[in-house]
Amino acid sequence: MASSKGVTRVTTNTLQKMKLEGEKIAMLTSYDYSLAKLVDMAGIDVILVGDSASNVMAGHETTVPITLDQMIYHATSVVNAAQRSLIVVDLPFGSYQGDSKEALNSSIRIMKESGAHAVKLEGGSEVIDSVKRILTAGIPVMGHLGLTPQSIYKFGTYTVRAKEEREAQKLLEDAKLLEESGCFSIVLEKIPSALATNVTEQINIPTIGIGAGSGVDGQVLVLHDLLGITVDFNPRFIRRYLNLEKDIDKAIKSYIKDVREVNFPSDDESY
Ligand code: KIV
């Protein structure tokens, strides 16, 4: 499938093929035009407009406060930037749970107003009616199991999930249910590697892990964590490829100094 600029777009079929061929899927979050453009041009397969925007962009403590309108705003900015990646948008807390009609309406709004390609939602059997109803409209759905941050007030902690046999068994059943219902992929967050590998082997759709080891079909990270901007957040699953917080601090301090010492602008930078 070609985008408006003639670039071949990654689709849900591409991801399925990648799983079959054992090719790993690389996914990252983005929430704005400028960074999404760089992420897309670098060749990422999937951009997730995550509800982590609630923390990273708005500074909220949890993902609970972000609204559907705000998610659509972020998604629109990313869609304007990305030519190649498949763009998946999180359904925010309160826009899909317990009411499948509302789930469908929320998903239709995301697809129509932002131009994104798929939605993601958290949970298994509890949200299966919503998953099925969204799929009736031809909207691709990505599941999300394990640590599901929208339920933080139920869990009470961001610690590793499904370490006990009963929860691990329920997670495996939920993964199978999401697959049977027609989801094209499932995010597995912060669960033991052995469980994530087992789920990946037992289902035919791609699994994307975050804090779920290397036995999954792909990986996702929050872009700002990878770039070293969100330095106060330090779970062990993050690998920082840059230390941008330090570089940005240095650049801004140099600018302030130059302004104060009348070293900026120079004649060359003036009209
Ligand atoms: O919102 C988000 O960034 C996510 C990823 C952590 C998977 O859901």
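Structure's up top.
Residues numbered from 1 in each chain as written. Predicted model: local features only at pLDDT ≥ 70, side-chain atom pairs only at ≥ 80, totals over all residues. Heavy atoms only, no water.

(A) Structural context of the pairing of strand β2 (residues 46-49). Of the two faces of β2, the one lined by V46 and L48 and the one lined by I47 and V49 are each fully buried. Note on the crossover from strand β1 (residues 25-29) through helix α2 (residues 33-41) to β2: the handedness is right-handed. Pairing analysis gives 4 bridges linking β2 to strand β3 (residues 86-90), with the strands arranged parallel. The residue bridging V49 from the neighbouring strand is V89, located in β3. (Buried < 20%, exposed > 50% of the residue type's maximum accessible area, 1.4 Å probe, protein only. Helix = DSSP H or I, 4+ residues; strand = E, 2+ residues; numbered from the N terminus. Right-handed = clockwise from strand over helix to strand, strands pointing away. Pairing = 2+ DSSP bridges.)

(B) View of the site of the ligand. Every residue close to the ligand is listed here: T29, L48, G50, D51, S52, D90, K120, H144, V187, I210 and V222. Note that an oxygen atom of the ligand is positioned 3.1 Å from one of the side-chain N or O atoms of D90. One nitrogen or oxygen atom from the side chain of K120 is found 2.9 Å from an oxygen atom belonging to the ligand. Look at the ligand: alone it shows 260 Å² of surface, and the protein chains cover 94% of it. In terms of residue class, the shell around the ligand is built from 4 nonpolar, 4 polar and 3 charged. (Near = heavy atom within 4 Å. Polar contact = N/O pair within 3.5 Å; in protein donor to acceptor, adjacent residues only side chain to side chain. Areas by Shrake-Rupley, 256 points an atom, 1.4 Å probe, with all protein chains shown as cover. Nonpolar A, V, L, I, M, F, W, Y, C, P; charged D, E, K, R; others polar.)

(C) Fine view of a nonpolar patch on the surface. On the surface, I248, I252, Y255, I256, V259 and F264 cluster together into a nonpolar patch covering about 510 Å² of accessible area. Its place among the elements puts I256 in helix α11 (residues 244-260). The exposure class assigned to I256 is partly exposed, which follows from its relative accessible area of 33%. (Patch = residues over 30% accessible without salt bridge, like charges linked within 9 Å, V, L, I, M, F, W, Y side chains within 5 Å. Salt bridge = Lys/Arg side-chain N within 4 Å of Asp/Glu carboxyl O.)

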